Amino acid sequence: NEWMFLFSLVCSGEIFELKAELNSDKKEKKKEAVKKVIASMTVGKDVSALFPDVVNCMQTDNLELKKLVYLYLMNYAKSQPDMAIMAVNTFVKDCEDPNPLIRALAVRTMGCIRVDKITEYLCEPLRKCLKDEDPYVRKTAAVCVAKLHDINAQLVEDQGFLDTLKDLISDSNPMVVANAVAALSEIAESHPNSNLLDLNPQTINKLLTALNECTEWGQIFILDCLANYTPRDDRESQSICERVTPRLSHANSAVVLSAVKVLMKFMEMLPKDLDYYGTLLKKLAPPLVTLLSAEPELQYVALRNINLIVQRRPEIMKHEMKVFFVKYNDPIYVKLEKLDIMIRLASQANIAQVLAELKEYATEVDVDFVRKAVRAIGRCAIKVEQSAERCVSTLLDLIQTKVNYVVQEAIVVIKDIFRKYPNKYESVIATLCENLDSLDEPEARAAMIWIVGEYAERIDNADELLESFLEGFHDESTQVQLQLLTAIVKLFLKKPTETQELVQQVLSLATQDSDNPDLRDRGYIYWRLLSTDPVAAKEVVLAEKPLISEETDLIEPTLLEELICHIGTLASVYHKPPSAFVEGSRGVQHKRLPCSAGSVDSPETSSTAGVSDAPPAVIPSQGDLLGDLLNLDLTPTTTGPPPPAVSTGMQLGAMDLLGGGLDSLCDTLVCDLQIGAGFGAAPAAMPASFGAPGSGGLDDLFDLGSGVGMPMGAYSPPKSVWLQAMKAKGLEISGTFARRAGVIQMEMTLTNKAMSVMTDFAIQFNRNSFGLSPAGPLQVLTPLSPNQSIEVALPLNTSGPVMKMDPLNNLQVAVKNNIDVFYFSCQYPISMLFVEDGKMERQIFLATWKDIPNENESQFQIKDCHLNAVSNKLQGSNIFTIAKRTVDGQDMLYLSVKLTNGIWVLAELRIQAGNPNYTPCICCYSAVIKNITPSF
């Protein structure tokens with residue numbers, strides 16, 4: 001305590017001395033005092049008590065002293081807001097100083113002082129500085145607008161500063177243009193839907209003109225802005241690329257990467273057969289190679305970006321393999337990244353060179369690097385089939401070195417090679433078995449167990465090998481336990497007489513002595529399969545396995561598109577979208593590459609297709625257990641006579657997608673969807689006009705007059721994304737439903753965002769509330785190439801099996817192609833189910849309306865709609881006006897609708913003259929249908 005007291009005395013004495021010096025009449029002494037204050041502030045001492053004294057020093061012509069005072073103000077204004085107002089007059093005065101440096105310094109400092117009380121005083125000086133004759137002041141004021149917007153957005157909009165910023169894009173000084181673009185981009189990021197940067201060809205031309213003359217950071221701002229522009233056609237895209245290409249030779253690596261980002265985006269719109277396209281590919285490689293000669297940290301950033309570029313366009317770097325060869329003094333993080341890119345660029349032309357390098361790397365001393373090199377050899381074998389034999393030979397040579405971690409990695413990758421090329425390289429199994437005792441890593445042990453179980457019929461002592469693992473079963477990792485359980489069951493199915501005791505032992509260990517639920521569940525599944533139906537068990541456990549894919553670590557196509565749009569940012573280093581690591585209230589806008597030249601989609605349709613009010617849930621993902629166990633055969637049957645157009649179709653609706661858990665039909669729904677006895681069966685065809693005379697005064701009650709307009713055609717909602725590419729291995733499906741000429745159609749756009757061709761499409765629906773099912777096969781007549789889209793119209797009928805869904809109009813769909821089976825759900829508009837013979841006779845309408853219970857009525861709101869438009873739209877969607885009358889100044893419409901399952905829905909619509917808001921009353925015998933009528 002005594003020391004603290006002494007320290008406070010020293011500090012108070014020091015502040016007293018500084019206060020005296022700050023009020024000195026000598027300018028030099030005053031400047032030295034301010035320097036001491038700033039020095040104390042820098043090391044963390046509290047000098048806020050000197051605030052008024054420092055503020056008094058603002059009244060000076062000395063630029064150095066003024067800068068120091070402004071620095072002090074920026075630091076302490078927030079803690080002393082009342083005293084900071086004392087400086088406002090000086091700021092305003094300095095904004096009119098003859099020296100442009102002082103004017104710019106004043107407006108910059110006012111923007112940095114985040115005090116609400118000061119912001120209102122900043123507006124007028126800022127307005128003057130934005131139109132200052134000196135470009136240095138204007139460019140400083142442009143950045144100040146962005147800072148002020150962050151403090152008080154409404155104030156900036158009210159004062160018209162945003163319009164002034166937009167005008168600065170046309171400024172004669174390139175640095176002013178760059179700062180205006182930077183400020184507008186910063187503001188636009190916090191308001192993604194504001195459309196502040198209204199980019200058009202004229203604006204783009206101004207930016208490209210300024211690009212050649214501004215500083216390197218100004219160039220980055222402009223290039224990033226250009227990357228957000230979508231050219232109108234390939235000609236404009238080529239023109240922009242030609243003017244951006246010189247930036248590739250810039251000394252600043254950030255400028256180079258920003259230019260690469262723009263070129264990568266605009267290349268999407270260039271036809272590949274264009275001469276300039278090939279020229280541009282050649283120009284992109286040298287600047288990227290140059291970046292690899294920088295210091296290691298910059299190399300790593302460049303390599304992470306090159307990794308993305310190679311995944312999107314490998315042809316850019318295909319002749320530059322040697323620059324990715326590892327140097328002895330490269331840091332480990334650079335080595336691993338180079339190794340990854342080498343594998344991505346590996347091809348039949350350079351595989352010999354790559355394998356020689358990888359074999360050399362496998363003898364290095366860095367364990368992590370060696371492991372990665374061994375795995376890379378396996379990836380080469382899987383990617384380049386012609387090199388597989390040479391890769392296996394190389395791996396066997398490495399196994400002979402008897403280096404423990406090399407042997408274990410080699411066994412792991414050889415397992416993958418077996419999966420890719422079955423019945424081709426099994427002769428090496430004997431060599432692998434010799435190293436069984438040296439395996440101590442779970443992944444390697446699991447891989448070896450898989451090999452023994454998969455090829456048990458070729459290994460004489462397979463039972464002994466697996467039994468040796470079984471001795472320490474409970475000490476093994478879960479991965480090894482699961483693999484061992486499956487391997488012994490495989491062995492039993494191949495050699496049942498010799499291994500019955502072994503399989504009983506492992507099933508007992510897995511089900512009775514284990515606490516792991518996954519292991520227990522798998523054990524019980526195998527136990528029941530073997531005890532109830534051994535033939536089925538053999539079909540399940542020994543089923544032919546799909547070949548593993550060439551590249552298992554490729555970034556999902558949609559994510560890759562977004563990351564390409566963020567080249568040169570943290571997102572391209574993390575390989576994650578900004579939304580994954582940027583926190584806060586600012587909205588992060590998802591970016592996409594423009595549609596490729598020749599693609600069916602236009603920029604407009606692709607932007608709207610990705611937006612929907614309620615994004616559909618995907619059920620289930622292809623990785624879920626359901627997707628693995630289901631293994632649906634969705635191939636259309638080719639035998640027998642061709643099906644009628646609508647009546648029978650593929651019979652795909654007969655199988656339940658969701659398996660045994662939802663086998664039972666919802667009988668209560670079927671009962672609920674029937675018309676009561678009092679109503680009777682609806683007539684097969686309703687009269688087309690209302691000319692038939694009624695009885696009992698109905699002609700007067702239902703006096704239609706001339707209020708009913710002509711039909712305008714059924715409404716079809718815009719397409720929305722039903723299945724995202726990242727959840728369907730590159731297949732994106734967007735669609736909508738339409739009713740055309742009495743036939744319900746499912747209209748879809750299939751887009752291939754993967755790197756392989758898609759074929760053999762088929763579709764199937766789960767049971768649903770109205771029995772919707774395909775009326776024919778999914779007609780995708782040509783293979784769907786990468787980056788290609790195709791429009792498909794699938795006719796539907798309502799003759800499929802029925803099951804109540806929640807919500808009632810939910811539809812669960814499975815789509816199959818040559819890659820996998822994918823699942824998604826969507827909701828169809830109920831109006832698609834309204835049939836054309838939905839006009840009810842007036843007498844039946846009146847009797848039915850009275851007969852329906854009050855609890856089966858519901859009301860909802862229709863806002864901002866007019867009578868003529870309502871009548872036309874409703875009739876176009878098969879909602880028929882039975883009558884119209886006027887009661888107490890209100891027009892009343894009486895409407896009828898008939899669903900495909902025979903249910904009738906009645907409605908009364910009250911309309912007050914001059915009021916565009918209505919409250920319809922809906923009634924129906926079925927309470928289930930009544931509850932969803934607001935979606936009509």
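Presented here is a report on the structure given in the accompanying data block. Bear in mind the structure is a predicted one, so any value in this text is a computation, not a measurement. (Residues numbered from 1 in each chain as written. Predicted model: local features only at pLDDT ≥ 70, side-chain atom pairs only at ≥ 80, totals over all residues. Heavy atoms only, no water.)

It is worth spelling out the nonpolar core at this point. Grouped together as the largest cluster of nonpolar side chains are 207 residues, with contacts concentrated most on Tyr72, Leu73, Leu126, Leu207, Leu358 and Phe418. The residues contacting Leu207, other than those within four sequence positions of it, are Ile169, Val177, Val181, Leu199, Ile222, Cys225 and Leu226. (Core = buried A, V, L, I, M, F, W, Y, C linked by side-chain atoms within 4.5 Å. Buried < 20%, exposed > 50% of the residue type's maximum accessible area, 1.4 Å probe, protein only. Contact = heavy atoms within 4.5 Å.)

Residue Asp806 is joined to Pro807 through a cis peptide bond whose omega torsion reads 0°. For Pro807, the position within the fold is in the loop between strand 6 (789-797) and strand 7 (810-816). The backbone of Lys402 shows a phi angle near 65°, a positive value even though the residue is not glycine. Phi is positive for Asn787, which is not a glycine, with a value near 65°. When you line up the elements, Asn787 lands in the loop between strand 5 (773-774) and strand 6. (Helix = DSSP H or I, 4+ residues; strand = E, 2+ residues; numbered from the N terminus.)

Across all of its chains, the model carries 11 aromatic pairs by this definition. Considering the side-chain rings of Tyr300 and Tyr333, the 5.5 Å spacing of their centres and the 90° angle between planes classify their relative orientation as edge-to-face. One end of the pair, Tyr300, is in helix 18 (residues 296-312); the other, Tyr333, is in helix 19 (residues 332-345), with 33 residues separating them in the sequence. Residue Tyr333 is classed as partly exposed on the basis of its relative accessible area, which comes to 32%. Relative to Phe581, the ring of Tyr574 has its centre 4.9 Å away and its plane inclined at 85°; by these criteria the two rings are edge-to-face. A residue is classified by how much of its surface remains accessible, and Tyr574, at 43% relative accessible area, is partly exposed. Residue Phe581 is classed as partly exposed on the basis of its relative accessible area of 29%. (Phe/Tyr/Trp six-rings, centres within 6.5 Å; stacked < 30°, edge-to-face > 60°.)

Applying the stated criterion across every chain yields a total of 29 salt bridges. Across the salt bridge formed by Glu268 and Arg313, the nearest N and O atoms sit 3.1 Å from each other. Taken together, the residues span a long stretch of sequence, with Glu268 in the loop between helix 16 (253-267) and helix 17 (275-291) and Arg313 in the loop between helix 18 and helix 19 at a distance of 45 residues. Side by side, Glu268 and Arg313 carry an identical accessibility label, which is buried. For Glu457, the salt bridge identified is with Lys494, shortest N-O distance 2.9 Å. Placement of the pair is Glu457 in the loop between helix 25 (442-454) and helix 26 (462-470) and Lys494 in helix 27 (residues 478-494), with a sequence separation of 37 residues. Residue class for Lys494 comes out partly exposed when judged on its relative accessible area of 27%. A single network of salt bridges, built from pairs that share partners, joins Arg371, Arg375, Glu409, Glu441 and Glu443. (Salt bridge = Lys/Arg side-chain N within 4 Å of Asp/Glu carboxyl O.)

Moving on, we get to helix 18. Count 3.6 residues to each turn of an α-helix, and residues three or four apart come out pointing the same way. Along its 17 residues, helix 18 runs 24 Å from first to last C-alpha, staying within 8% of the 24 Å computed at 1.5 Å per residue. Most of helix 18 sits inside the fold, with 12 of its 17 residues counted as buried. What helix 18 keeps buried is the set Gln299, Ala302, Leu303, Arg304, Asn305, Ile306, Asn307, Leu308, Ile309, Val310, Gln311 and Arg312. (Expected span 1.5 Å × (residues − 1).)

Turning next to the pairing of strand 12 (residues 904-912). Among the nine residues that make up strand 12, seven are buried, leaving the element largely enclosed by the rest of the structure. Two elements, strand 11 (residues 890-898) and strand 12, share nine bridges in a ladder whose sense is antiparallel. The partner of Met892 across the bridge, within strand 12, is Arg910. Between strand 11 and the antiparallel strand that follows it, strand 12, lie five residues; Gly902 among them carries a positive phi value of about 90°. One ladder, built from four bridges, connects strand 12 with strand 13 (residues 921-924); its direction is antiparallel. Its bridge partner lying in strand 13, Val905 is registered against Cys924. (Pairing = 2+ DSSP bridges.)

Here five strands make up an open sheet; going across it, the order is 9-13-12-11-10 and the pairing antiparallel. Bordering the open sheet on either side are strand 9 (857-859) and strand 10 (880-887), each of which pairs with just one other strand. Ignoring which end each strand starts from, the neighbouring axes of this sheet average 20° apart. Across the sheet, helix 37 (residues 842-851) lies against strand 10, strand 11, strand 12 and strand 13, angled at about 90° from strand 12, the strand it touches most. (Axes fitted to C-alpha atoms, helices over the stretch in contact; angles between N-to-C directions.)

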